[in-house]
Amino acid sequence: MKRAIAAFLTGLLFGVGLIVAQMTNPSKVIGFLDVTGNWDPSLAFVMVGAICVYGLAYWLSRARQARPFLADGFKLPVRRQIDRPLVLGALIFGAGWGLSGFCPGPALTSAGFGEPRVWVFVAAMLAGMMIYRLRGGARSAPAPIPGD
C-alpha cells in the first residue's frame, strides 16, 4: 500500500510539474523544437533544471551507497550498446513528439483536460504499445516487486 501511495504522489507531483512548466502545451513544445523558425528556448531551462536535480540525486545516492525507500535496490540499465531498435525507437519517438507536440508523460497529464486531440494521441500511443507487445517486442516481462 505504501508503494501505491508513493507512486500516486510521485505521479501527481510529476504531472503538476509538467503543467507548471507548460510541457503539456503542444504549441510550446513545437516552438521549442522549431530551431530554424520561431524558436522558443524556455523549455531548455526546464530540461536543464531537471537534469541538475536528477544528477545531484544520483550522485548523492551513489556517494552514500543509499538504497531506495521502497525497494531493495536501484535498477540501473545493464545494456550500453546503441543498436538498431534503439535508434529506430528514438526516431519514431522524436517524429511523434515533433508532429504532435506530445510525449507520453505530458500527453497523459493533458488527457485529464479532456481535449479530443490528446485522446487521439493517447489512443495511438497505447495501440503502438500493444502492437509492439503482440509482435514479440517485449521479450520478457519485468520481474515482480517483492511485497506488492
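On a predicted model such as this, the values are computed, not experimentally measured, just so you know.

Cut-off values and rules
- Residues numbered from 1 in each chain as written.
- Predicted model: local features only at pLDDT ≥ 70, side-chain atom pairs only at ≥ 80, totals over all residues.
- Heavy atoms only, no water.
- Helix = DSSP H or I, 4+ residues; strand = E, 2+ residues; numbered from the N terminus.
- Phe/Tyr/Trp six-rings, centres within 6.5 Å; stacked < 30°, edge-to-face > 60°.
- Buried < 20%, exposed > 50% of the residue type's maximum accessible area, 1.4 Å probe, protein only.
- Expected span 1.5 Å × (residues − 1).
- Arc of directions from axis to C-beta.

Overview of the environment of Leu99
Right, on to step 1. Mapped onto the elements of the fold, Leu99 is located in helix H4 (residues 84–100).
Right, on to step 2. Taking the C-alpha atoms as reference, Leu99 lies 9.4 Å from Pro26; in sequence the two are 73 residues apart.

Focus on the packing of aromatic side chains
Right, on to step 1. For the coordinates displayed, the defined rule picks out 4 aromatic pairs.
Right, on to step 2. Here the aromatic rings of Tyr54 and Tyr58 are separated by 6.0 Å at their centres, their planes lie at 25°, and the arrangement is stacked. Taken together, the positions of Tyr54 and Tyr58, both in helix H3 (residues 42–63) and 4 residues apart, correspond to about one turn of that helix.
Right, on to step 3. Since its relative accessible area comes to 55%, Tyr54 is described here as exposed.
Right, on to step 4. By relative accessible area, Tyr58 is classed as partly exposed at 32%.
Right, on to step 5. Here the aromatic rings of Phe93 and Trp97 are separated by 6.3 Å at their centres, their planes lie at 40°, and the arrangement is tilted. You can see Phe93 and its partner Trp97 sitting in helix H4, 4 residues apart, about one turn around the helix.

Examining helix H6 (residues 116–134)
Since there are 3.6 residues in each turn of an α-helix, residues three or four apart along the chain are aligned in direction.
Right, on to step 1. Helix length check: H6 (19 residues) gives 27 Å between terminal C-alpha atoms against 27 Å at 1.5 Å per residue, within 8%.
Right, on to step 2. When we look at burial in H6, the residues that qualify are Val118, Phe121, Val122 and Met125. One face of H6 carries all of its buried residues, which in axial projection span an arc of 95°. In H6, the exposed residues that point more than 90 degrees away from the buried face are Pro116, Val120, Ala124, Met130, Ile131 and Leu134.
Right, on to step 3. Just downstream of H6, Gly136 is the residue with a positive phi angle, here 90°.

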